Every structure is written in C-alpha cells, then in structure tokens.
Amino acid sequence: MKQLFTLTLFLLTLTAFAQKPCEYSANVNDSIGTYKVTNEYLISEKYFGGTFNYVFFSLAQTDGLPTLNLQLIQKSKDFIKANCFDKNSKVFLQLENGKIVTLIHIDRESCGTLIHDDKGFDNRINTGIFMFMKENFEELKKSPVAIMRIKYLTTTEDYIVKRELTSELNGKVYNPNTYFMENIRCVE
C-alpha cells in the first residue's frame with residue numbers, strides 16, 4: 001500500500017511539473033543563420049466605447065539572441081491614434097516578487113499600418129521588437145508578471161496582466177501572467 005501511494009504521488013508530481021513542448025510559427029536553420037519564433041499569445045484584450053485593443057507576445061531567437069515580439073492591434077470605427085515605437089521605447093514588466101524587468105526596443109521607428117476593412121473598421125497593427133537585458137533575463141523564469149508598462153514615442157500605457165484571460169476574440173483561455181515562466185525556455 002505504501003508503494004502504491006508513493007508511486008501515485010510521484011506520477012502526480014511528474015505531471016504537475018511537466019513542461020509542454022515548444023510550438024514555433026517559424027523555425028529556420030540555414031547557411032545564413034538560425035531563426036525561430038513561438039506562436040503569438042494574447043496578453044491583453046480591452047474593449048471600450050467601440051474600440052478593441054489587443055496585445056500579443058511571441059518570443060524569437062535570431063542567431064542565439066532572444067527577443068520579444070510585441071504586436072499591438074487596435075480596431076475602431078473612430079479615429080485611432082498611432083502609438084509609435086522608437087529607439088527610446090521600452091517595456092517594463094513588474095513581477096509579483098516586486099522586481100522590475102526592462103526590455104529595450106531595437107533602433108527602428110515603427111508606427112504600424114492602418115488598414116480599412118469592409119465593415120467600416122479601421123485596424124492599426126504595430127509590431128515592436130524588444131531585447132532582454134542580460135541581468136534580468138533569469139528573473140522572468142522565477143516570478144509571474146503583475147503589471148506591464150509600454151513606453152511609446154509620445155505616451156505610456158499600463159496594463160494589468162491577468163492570471164487568466166478568456167478571450168472574447170476566440171473564446172480561448174490564456175494565462176498571461178505566467179507567459180515568460182512557461183515559454184522563455186523556448187528561445188534560450
């Protein structure tokens with residue numbers, strides 16, 4: 001009986017700590033170099049006054065350098081203000097353990113693309129690539145994210161990072177606060 005209990009406890013522990021395999025939307029290894037990027041993951045979803053805002057993350061590794069791809073999608077029938085990324089843009093992640101992790105934007109200005117759809121909505125899509133700082137990369141593996149601040153060219157926006165998010169967009173359940181804890185190993 002004691003052996004059965006020990007075996008059951010071992011299997012439950014193994015299942016609880018098992019890591020899901022990494023899923024990539026691109027995984028290229030050729031004579032030019034290597035590039036792999038994880039699937040996009042919904043981090044924030046807001047709907048207010050007829051305007052939809054979505055923030056997606058994906059992690060990339062280019063020739064051994066890990067980066068965060070942040071995609072901001074805005075959808076509205078009203079005017080959409082452009083939030084531009086520039087060389088001074090940053091993403092600040094306040095972890096639940098109180099530490100703050102800073103990611104620095106690459107030196108390329110981007111204000112996104114405005115697309116008008118057939119339903120009368122304007123859609124602005126903007127993507128920024130952010131680099132991890134070596135000294136705080138390890139912190140993202142240890143603690144969930146509580147708050148995210150994005151510093152754009154002319155403004156700053158704060159986001160509360162939820163433990164669980166059920167998307168109105170596709171009905172899927174996401175766990176944004178543990179995104180890095182679960183996925184950063186995919187680009188190490």
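What comes next concerns the included structure. Quick caveat, the model's predicted, so the values are computed rather than measured.

## Some words on the pairing of strand 7 (residues 100-105)
Moving on, step 1. Sheet analysis places strand 6 (residues 90-95) next to strand 7, joined by five bridges and oriented antiparallel. Within the sheet, the bridge partner assigned to lysine 90 lies in strand 7 and is isoleucine 104.
Moving on, step 2. Between strand 6 and strand 7, which pair antiparallel one after the other, the connecting turn spans four residues, and glycine 98 there sits at a positive phi close to 95°.
Moving on, step 3. As judged from the three bridges shared by strand 7 and strand 9 (residues 122-132), these two strands associate in the antiparallel manner. Directly across from histidine 105, in strand 9, lies its bridge partner phenylalanine 130.

## With respect to the state of the cysteines
Disulfides are covalent bonds that connect the sulfur atoms of two cysteines.
Moving on, step 1. Counted according to the given criterion, the structure contains two disulfides.
Moving on, step 2. Between the sulfur of cysteine 22 and that of cysteine 186 lies a disulfide, 2.0 Å long from S to S. The S-S bond linking cysteine 22 to cysteine 186 shows a torsion near -90°; that makes this disulfide left-handed. On the criterion of sequence distance, the pair formed by cysteine 22 in the loop between helix 1 (2-17) and strand 1 (24-29) and cysteine 186 in the segment after helix 3 (179-183) is long-range, its members being 164 residues apart.
Moving on, step 3. Each bonded cysteine of the protein chain gets a number by its place in the sequence, and the pairs then read 1-4, 2-3.

## A short note on the pattern of salt bridges
Moving on, step 1. In this structure the tally under the stated criterion is six salt bridges.
Moving on, step 2. Here glutamate 138 ties to lysine 141 by a salt bridge, and the two come within 3.2 Å at their closest N and O atoms.
Moving on, step 3. Given the relative accessible area of 28%, lysine 141 is considered partly exposed.
Moving on, step 4. Through salt bridges with shared partners, a single ionic network connects Lys99, Glu139 and Lys142.

Each value, and the rule that gives it
Each residue is numbered by its place in its chain's sequence as written, counting from 1. Totals for whole chains, interfaces and linings use every residue, but because this is a predicted model, local features are given only for residues with pLDDT of at least 70 and side-chain atom pairs only at 80 or more, for both listing and counting. Side-chain measures here rest on the full set of heavy atoms in the structure, leaving out hydrogens and waters. When DSSP finds at least two bridges between two strands, those strands are taken to pair. In this text, helices come from DSSP runs of H or I with a minimum length of four residues, and strands from runs of E with a minimum of two, each type numbered from the N-terminal end. What counts as a disulfide here is a pair of cysteine sulfur atoms lying within 2.5 Å. Salt bridges are defined as contacts in which a side-chain nitrogen from Lys or Arg sits within 4 Å of a carboxyl oxygen from Asp or Glu. Type-normalised accessible area, obtained with a 1.4 Å probe on protein chains alone, sets the label of each residue: buried when under 20%, exposed when over 50%, and partly exposed for intermediate values.

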